[in-house]
Amino acid sequence: MKRFWRMFLVVLILSNIHGLVYAQNDSEKTEESNLPYTPVITPNGSTLPWKMENGVKVFHLIAEPIKHEISPGMVINAWGYNGQTPGPTIEAVEGDIVRILVTNQLPEPTAVHWHGVLVPNGMDGVQGLTQKPILPGETFAYEFTLHQHGTQMYHSHGDEMTQMGLGTMGFFIIHPKKSEHKIDRDFAIFLNEWFVEPGTATPNPNIMTDFNIFTFNSRAYPGTAPLVVKKGDRVRIRIGNVGQESHPIHLHGYNFKMVATDGGDIPESAQYPETTGVIFPGETRDIEFVADVPGDWALHCHRRHHPMNAMGHDTPNMIGVNQSGVEEKVRDLVPEYMAMGEKGMHEMTEMNMQGPENTLPMMGGAGPFGSVGMGGMFTILKVRENITTYEDPGWYHHPEGTVAESIDKSQAPQAEVVSYTCPMHPEIYQESPGSCPKCGMTLQAESVSK
Amino acid sequence: MIKKREKGGTMQIFFKKVTLFIFNVGAFVILGCGSIPKNQDSREVNQVLEERLGYSRQSDEKKAENEIEKRVQVLFNEKLTSDSAVQIALLKNPSIQSAFEDLGIARADWVQAGLLKNPIFSGHARFPEGGEGDTNVECAIGTDLLDVLFLPLRKKLASSQFEKVKLRVSHEIMDVIADVKTHFYTLQFTMQIWTMRQMALKAAEISMEFASRQHEAGNISSLDWVNEKVVYEQAELDLIHSEADVEVAREKLIPLLGLSGKGEMSLQIENHLPELPSSDPSLEELEERALAQRLDLAAARKEIEILHRSLSLTQVGVIPSVNVAANTEKDSDGTRVTGPMWELELPLFDQKQPAIARVKNQIRKSQYELAAKENEIRSEVRILKGKMLTARKIVEIYRDKMIPLRGQVIVLTQQNYNYMLMGVYQLLQAKQNEISSQREGIEALGDYWIARVDLEQALGGRVPEAVSEKNSTVLPIQQIEVEQPLQSEMHHHHGGES
């Protein structure tokens, strides 16, 4: 007990010094210029404010049901923290003493687990195992010293299927006391999957594998905010996952290195260049690169159906099915009917038809060259020269002659046409194999240029 | 001699008076029977039909056959409605015509009842044996006096019987009209259902077409394709069944319209049922209305009246016959004697008690039958009222809820289709479900109209719409005073009839 008080005192003094040094003016507002680190940007999200109280950084999380917009046109009944999902990003510095108050405004008990953060066992937040449940209406205080740095997470650890299925998670980022190198733009993207029956608003927490909405920071494209950086910026993207599936996150235009896991920094000797990093459930990964090539670069999960919104699994396969003639007949019975699917799904993105309420089209998003035809886990890294703010700069203006485009037909390579002819009767030509009508010999294929 | 002559003179006067009476009565009857116009009967029946159902035959026998044919042709030129079908049936249906002929038969019976028995002229001649003296000749003319006395009673009885026939004829015609309407509505709704089955077949055909093309493109298995074909064939079978239903309904209607079906006229009918009317007929005091209106009940009551009359006749007829005659005889000595003759049966052994008892039993039997019929009618009216109201509720649910909901399902399925969340088969299935609901709605509407006809039939006449005033809804009919069976039973025990 004595030991505890002694520790407490030391920590108190240390944190006071911290508070004096790092939060000089007003501990209520975290001012970027005063921070010893580049603050993390949570696209479509925010950072949790904190107060210094006797050298302790005090945060307050409120777990509660919320209305959350997945993308314009779709609002879901989610559970989150402080009005958002993912909850606001907690940022602190290695060595900080943090006190996190958690108020439960959910209809059922909860507990918050500090995922990857090295804490005393009683602060680990496992409902029933290391603490009593936080009953609805109660506020619990978690307090511990941060002994590490890295990208960690927090999430509810009670009735996880429901609470996490509805969005109760967030980032817990611990900056090192002293950075090896300066990061210019530090982004945090939480991966998540949901099942929201088309036409409904409440994610179904009972679904285990068959998800239909895939999100970056609980937003689906085209609702995802772009990552805006200046040319030459050193960029870090922290990616966290407490969902059900692994996600191969792929960045266009760059090689990057994976510099850290949730367990700590990866030694430089163990880093290697790559374009896709897989983030498994329960993991975080930090990737870094220098943004030296301007442009609008796609960043997305590489599972085909993840950068995509809800689509039917049992719809008939219409690829290559000629619907001419039948389409009109259907319209006699159902006047709004449009034949779709014969030539793929792209035409759907251009039709702009009415879908079920509160449902996103399978794919869409207006781009500078037409429909982007994406959804879900998709966003854009916008690298620009000569920008003064990190506001969305709009679409990239490509230098002349640097965009692929259609070439003159006369310049196009000639398509090879195969025709069939009879060795005995060269006047016989036909486009399909067969036998000669004159002598019955098997026709031989020959290539001709049209 | 003088005294004798005087006596003979009195007799002569009496004889003359009797003779005159017989003659006069005969003349009255002969003149009387020709004095009522023949058409009055059918006019009366027409009037009943007009009052009860709003239809009239609009025909009298004077009109030529081709006149009727012309009118029928005019009705056939328009698409038939239930009303015009009834008009045609009234003009052409042989059963209705045959019922009208019953009126003539009843009238003949009635006239017959008003005729006296013909007087009997009898005589004999006897020749003297041995050639002496004149031939004895005796002549008599006589008639049954009671026949003359009973004539008014008999006529009353016959007139009641005639009334009964009129009621029965009207009732039969109303039954035929109800039949026409029922079969007309049946034809309409089977035709409508056939249209829905055609639509269902079309939807199934499109599904099959999609499956066929998907199969051709290598996108579905033969199993799925064949399953689609099975669905189509089922729809085809449904259509064939429904086609047969239309044929049966048509064939049932044709003879009711008085057609032979040899193709003399093509049957163009309004191919959909009338919409559900906004209100039902007034359902107030339906049972009382039925008891007051039913013509078969009126006929049954008439029958009791007839039995009462025949009882009177039987009771009066305790003395079965009194024959009076005038007799004249020329004796063989040349003297002529003339005088009246009478003959009467003495009711010593047979006082007609069994016959009287029999009629009394018949009266009570008829009264019990009437009571049973009244209870049956009450029950029938309640059942049919329930059927009609249930059918209305069902039609309203289909019309106001089910079919709009099915429409909404199509719109929402379409939205899911638009976002590639559902496929064309689900869209077509949503349409199929809508078609099924429409078909079921039509079946319920058919049930409604047929229940309404049945109810009208059970009530013995059309019921005014609910909006009309309560008091004016009961049609005035001639009430025949008949004692309630159980009361009359008591009455019979306390006193006799005369």
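Residues numbered from 1 in each chain as written. Chains lettered and ligands numbered in written order. Predicted model: local features only at pLDDT ≥ 70, side-chain atom pairs only at ≥ 80, totals over all residues. Heavy atoms only, no water.

Colleague: So what exactly am I meant to see when it comes to the interface of chain B and chain A here?
Modeller: Many structure descriptions define interface size as the accessible area lost when the parts assemble. Each partner contributes residues to the interface: chain B has 27 residues there, and chain A has 38 residues. A buried area of about 2,800 Å², summed over both sides, lies between chain B and chain A, and 67% of it is on carbon and sulfur atoms. Put simply, chain B and chain A have 1 salt bridge between them. In this structure, Asp332(A) engages Lys202(B) in a salt bridge whose closest nitrogen and oxygen atoms are separated by 2.8 Å. Remark: the boundary between chain B and chain A carries 13 residue pairs in polar contact (both at pLDDT 80 or more). For the side of chain B that touches chain A, the leading source of residues is helix α6 (residues 145–216) of chain B, giving 9 residues. (Contact = heavy atoms within 4.5 Å. Buried area = accessible area lost by both parts, 1.4 Å probe. Salt bridge = Lys/Arg side-chain N within 4 Å of Asp/Glu carboxyl O. Polar contact = N/O pair within 3.5 Å; in protein donor to acceptor, adjacent residues only side chain to side chain. Helix = DSSP H or I, 4+ residues; strand = E, 2+ residues; numbered from the N terminus.)

Colleague: Teacher, can you tell me more about helix α4 (residues 82–92) of chain B here?
Modeller: Since the α-helix advances by 3.6 residues per turn, residues separated by three or four positions end up pointing in the same direction. Residues and elements named next belong to chain B. Within α4, 9 of the 11 residues are buried, leaving the element largely enclosed by the surrounding structure. Every buried residue of α4 is accounted for by Ser82, Ser84, Ala85, Val86, Gln87, Ile88, Ala89, Leu90 and Leu91. The elements touched by buried residues of α4 are α2 (40–53), α3 (65–77), α5 (94–113), α6 and α7 (222–256). (Buried < 20%, exposed > 50% of the residue type's maximum accessible area, 1.4 Å probe, protein only.)

Colleague: Could you clarify how one ought to interpret the pattern of salt bridges in this entry?
Modeller: A pair can form between side chains of opposite charge whenever their charged atoms are brought close. With the rule as written, the count across this model stands at 43 salt bridges over all chains. For the salt bridge of Glu374(B) with Arg301(B), the shortest nitrogen-to-oxygen distance reads 3.3 Å. With Glu374(B) in helix α10 (residues 353–418) and Arg301(B) in helix α9 (residues 295–316), the pair connects residues that are 73 residues apart, well separated along the chain. Across this residue pair, the class does not change: Glu374(B) and Arg301(B) are buried. Via salt bridges that share partners, Asp186(A), Arg234(A), Arg236(A), Arg238(A), Asp286(A) and Glu288(A) belong to a single interconnected network.

Colleague: Explanation requested: the confidence of the model for chain B in the structure shown.
Modeller: Do not read the fine detail of predicted coordinates wherever pLDDT is low. Residues and elements named next belong to chain B. Chain-level pLDDT for chain B is 81 on average; 82% of the residues reach the 70-or-more range. Per-element confidence in chain B ranges from a low mean pLDDT of 37 for helix α12 (residues 485–494) to a high of 95 for α7. Taken together, the stretch residues 1–8 has pLDDT below 50 and engages in 1 contact with residues farther than four places along the chain or on a different chain. The low-confidence segment residues 26–35 (pLDDT under 50) makes 6 contacts with residues lying over four places distant or belonging to another chain. (pLDDT = per-residue confidence, 0-100.)

Colleague: What exactly am I supposed to notice about empty space enclosed by the protein here?
Modeller: Any empty space left between atoms is shown by rolling a water-sized probe over those atoms. Residues and elements named next belong to chain B. Going through the model one piece at a time under the given rule, you end up with 5 cavities of 30 Å³ or more. The calculated volume of the largest cavity comes to roughly 90 Å³. Residue lining of the largest cavity: Leu53, His171, Met174, Asp175, Ile177, Ala178, Lys181, Val453, Glu456, Gln457 and Gly460, and that is the complete set. Of all elements in the fold, only α6 and α11 (424–459) reach the threshold of two or more residues within the lining of the largest cavity. Looking at the lining of the largest cavity, the element that brings in the most residues is α6, giving 6 residues. Looking at side-chain class alone, the lining of the largest cavity contains 5 nonpolar, 3 polar and 3 charged residues. (1 Å grid on protein atoms, 1.4 Å probe; cavity = no way out; pocket = protein on both sides within 12 Å on 5 of 7 lines; lining within 4 Å. Points joined across faces, edges and corners; volume = space filled by probe spheres on them. Nonpolar A, V, L, I, M, F, W, Y, C, P; charged D, E, K, R; others polar.)

Colleague: Which parts of the structure should I look at to understand the sheet that holds strand β14 (residues 247–251) of chain A?
Modeller: Hydrogen bonds between backbone groups are what pair the strands of a sheet, and the pairing can be parallel or antiparallel. Residue and element names in this part refer to chain A. Judged by pairing direction, the sheet is mixed, and its 5 strands sit side by side in the order β12-β23-β20-β14-β18 without closing on themselves. Either end of the sheet is taken by a strand with one partner, and the two such strands are β12 (227–230) and β18 (276–279). Each adjacent strand pair in this sheet contributes to an overall mean axis angle of 20°, direction not counted. Sheet analysis places β14 next to β18, joined by 4 bridges and oriented antiparallel. Within β18, the position partnered with Pro248 by the bridge is Val278. (Pairing = 2+ DSSP bridges. Axes fitted to C-alpha atoms, helices over the stretch in contact; angles between N-to-C directions.)

Colleague: What is the right way to look at the side chain of Asn219(B) in this model?
Modeller: Within the fold, Asn219(B) resides in the loop between α6 and α7. Asn219(B) gets classed as buried once you look at its relative accessible area, which sits at 19%. Side-chain polar atoms of Asn219(B) contact the backbone oxygen of Ile319(A), separated by 2.8 Å. If near-sequence neighbours (up to four positions away) are discounted, Asn219(B) is found in contact with Asn317(A), Met318(A), Ile319(A), Val321(A) and Gln214(B).

Colleague: Which parts of the structure should I look at to understand the side chain of Glu288(A)?
Modeller: All names here are of chain A. Its place among the elements puts Glu288 in strand β19 (residues 283–290). Within the structure, Glu288 has its side chain in polar contact with the side chain of Arg234 (distance 2.9 Å). Leaving out residues up to four positions away in the same chain, Glu288 has contacts with His181, Ile183, Arg234, Val235, Arg236, Phe256, Lys257 and Val259.

Colleague: What am I meant to see in the packing of helix α8 (residues 286–293) of chain B against α10(B) here?
Modeller: Residue and element names in this part refer to chain B. Look at α8 against α10: their axes get within 9 Å of each other, and the N-to-C directions meet at 130°. In terms of orientation, α8 and α10 fall into the oblique class. Here the hand of the crossing between α8 and α10 comes out right-handed. Across the interface between the two elements, Leu286, Glu287, Glu288, Ala290 and Leu291 of α8 pack against Glu374, Ile377, Arg378, Val381, Arg382 and Lys385 of α10. A per-class count over the contact of α8 with α10 returns 5 nonpolar, no polar and 6 charged. (Parallel < 35°, antiparallel > 145°, perpendicular 65-115°, else oblique. Left-handed = near helix turned anticlockwise from the far one by under 90°.)

Colleague: Sorry, what's going on with the packing of α5(B) against α6(B) here?
Modeller: Each packed pair of helices is defined by two parameters, the angle between the axes and the distance between the axes. Two elements in contact, α5(B) and α6(B), have axes separated by 9 Å at closest approach and are oriented at 175°. Considering their axes alone, α5(B) and α6(B) lie roughly antiparallel with respect to each other.

Colleague: Please explain the nonpolar core as it appears in this structure.
Modeller: In summary, soluble globular proteins display a tendency toward joint burial of nonpolar side chains. Counting residues in each nonpolar core, the largest one holds 83 residues, and the members touching the most others are Ile173(B), Val180(B), Leu257(B) and Leu267(B). If one sorts the elements of this core by residue count, α6(B) sits on top with 19 residues. Setting aside its immediate chain neighbours within four residues, Leu267(B) contacts Phe76(B), Leu80(B), Leu187(B), Arg250(B), Leu253(B), Ile254(B), Leu257(B) and Leu259(B). Counting residues in hydrophobic clusters, the runner-up holds 30 residues, among them Ala63(A), Val93(A), Val112(A) and Val117(A). (Core = buried A, V, L, I, M, F, W, Y, C linked by side-chain atoms within 4.5 Å.)

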